[in-house]
Amino acid sequence: MHAISSTWDEPLPKGATMGELMEGRFRSYSCFCGQPLLDRSAAQLHAIETNQCSICLGQTRISLVPGTEHGCGYCNVTGTRDAELAEQLDRGKVEAVIDEAAFLRVVEGFRGEAFTQPDIVERLAAMAPEVLTPQLMLRVGQLLRVVERKGVIMRVSAPSGVDGVVVLYDTPRYQVTSSGTRPA
Ligand SMILES: [Zn+2]
Ligand SMILES: [Zn+2]
């Protein structure tokens, strides 16, 4: 039985960033079979060799930051590597349907007001009913990061922390920047 589990370091180091947490740092990983898993890469490798999803490590749920959890869209909440690979193929199709241009048209509709990932997902779901919600969530998350890096949108709420230890995260809210989606 290869049930892989991960536990957050306690306390988390002061100044731990969202990026570091999401990379899988500040956790220890172990497998029921007793194989040593030194870091996230080792845990991912062990998941793959035991036919489990390389993202949720077979747990079917993902915790990106302490205190939050959601179903793993990468394996359609099954925890298996087979499902993960099938989802990868499907994602190619989703990327063709929800391309950056379609995404930007929806984002532009929120000019002047703050919006969240679920707001965008809701509008896109109406435009592309054939795409399953978990896949839409992943795709929107990916495109939000892409256009945030390009300066089209910016985050208007930051994770909250107490004494430098992350205890609670709000759903990030975004706003279209003044240059926004219009061509320069
Ligand atoms: Zn194992
Ligand atoms: Zn998974």
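These numbers were taken from a predicted model, which means no experiment stands behind them.

1. Quick word on the sheet that holds strand E3 (residues 36–37)
No. 1: With respect to topology, three strands assemble into an open sheet ordered E1-E2-E3, the strand pairing being antiparallel. Because the sheet does not close on itself, it has two edges, and the strands there are strand E1 (4–8) and E3.
No. 2: Pairing between strand E2 (residues 27–31) and E3: two bridges, direction antiparallel. In the sheet register, Tyr29 faces E3, and the bridge partner there is Leu37.

2. Remarks on the environment of Arg40
No. 1: Topologically, Arg40 is positioned in helix H2 (residues 40–49).
No. 2: Taking C-alpha positions, Arg40 is 7.4 Å from Arg25, a pair spaced 15 residues apart along the chain.
No. 3: Not counting the four nearest positions on each side in its chain, Arg40 is found in contact with Gly24 and Tyr29.

3. Some words on the confidence of the model for the protein
No. 1: Confidence along the protein averages 86 in pLDDT terms, with 90% of residues attaining 70 or more.
No. 2: Mean pLDDT values for the elements of the protein range from 46 in strand E9 (residues 165–168) up to 96 in E2.
No. 3: Ignoring residues within four places in sequence, the model shows residues 162–169, a span with pLDDT below 50, making 19 contacts including any to other chains.

4. A word on the environment of Ala3
No. 1: Structurally, Ala3 is set in the segment before E1.
No. 2: Ala3 sits in the partly exposed class, given 14 other C-beta atoms within 10 Å.
No. 3: Distance from Ala3 to Cys31, taken between C-alpha atoms, is 5.5 Å for residues 28 residues apart in sequence.
No. 4: Leaving out residues up to four positions away in the same chain, Ala3 has contacts with Cys31, Phe32 and Gly58.

5. Here we look at the nonpolar core
Within soluble globular proteins, side chains that are nonpolar tend to cluster in buried spots.
No. 1: Ranked by size, the top nonpolar core spans 16 residues in total, and within it Val107, Ile120, Leu124, Val140, Val147 and Ile153 carry the most contacts.
No. 2: Listed by contribution, the elements that provide at least two residues to this core are helix H4 (100–108), helix H5 (117–127), helix H6 (133–149) and strand E10 (173–176).
No. 3: With five residues, H6 is the single largest residue contributor to this core.
No. 4: Not counting the four nearest positions on each side in its chain, Leu124 is found in contact with Ile98, Val106, Leu136 and Val140.
No. 5: Core analysis: the next-biggest nonpolar cluster, separate from the first, contains 12 residues, Ala43, Cys53, Cys56 and Cys72 among them.

6. Observations regarding the sheet that holds E10
No. 1: One open sheet accounts for three strands, arranged E6-E10-E7; its pairing is antiparallel. Of all the strands in the sheet, the pair left with one neighbour each is strand E6 (115–116) and strand E7 (153–155).
No. 2: Summarising the sheet, E7 and E10 pair through three bridges and their orientation is antiparallel. Counted as the bridge partner of Met154 is Gln175 from E10.

7. Details of the packing of H5 against H6
When two helices pack together, their arrangement is captured by the angle between the axes and the distance separating the axes.
No. 1: In contact at an axis separation of 9 Å, H5 and H6 are set at 120° when each is read in the N-to-C sense. The angle between the axes of H5 and H6 places the two elements in the oblique class. Crossing geometry of H5 relative to H6 is assigned as right-handed. From H5, Gln117, Ile120, Val121, Leu124 and Ala125 reach across to H6, where they touch Thr133, Leu136, Met137, Val140, Gly141 and Leu144.
No. 2: Along the lines of polarity and charge, the residues of the contact of H5 with H6 split into eight nonpolar, three polar and no charged.

8. Concerning H6
No. 1: The terminal C-alpha atoms of H6 lie 24 Å apart, and with 17 residues this matches the ideal 24 Å at 1.5 Å per residue to within 8%.
No. 2: Inspection of H6 places Gln135, Leu136, Arg139, Val140, Leu143, Leu144 and Val147 among the buried residues, and these make up the whole buried set. For H6, the angular spread of buried residues about the axis comes to 165°, placing them on one side. H6 presents Arg145 and Arg149 as exposed residues on the side facing more than 90 degrees away from its buried surface.

So, how was this worked out
- Residues numbered from 1 in each chain as written.
- Chains lettered and ligands numbered in written order.
- Predicted model: local features only at pLDDT ≥ 70, side-chain atom pairs only at ≥ 80, totals over all residues.
- Pairing = 2+ DSSP bridges.
- Helix = DSSP H or I, 4+ residues; strand = E, 2+ residues; numbered from the N terminus.
- Contact = placed C-beta atoms within 7 Å.
- pLDDT = per-residue confidence, 0-100.
- Buried ≥ 20, exposed ≤ 12 C-beta atoms within 10 Å, placed from the backbone.
- Core = buried A, V, L, I, M, F, W, Y, C linked by C-beta atoms within 7 Å.
- Axes fitted to C-alpha atoms, helices over the stretch in contact; angles between N-to-C directions.
- Parallel < 35°, antiparallel > 145°, perpendicular 65-115°, else oblique.
- Left-handed = near helix turned anticlockwise from the far one by under 90°.
- Nonpolar A, V, L, I, M, F, W, Y, C, P; charged D, E, K, R; others polar.
- Expected span 1.5 Å × (residues − 1).
- Arc of directions from axis to C-beta.

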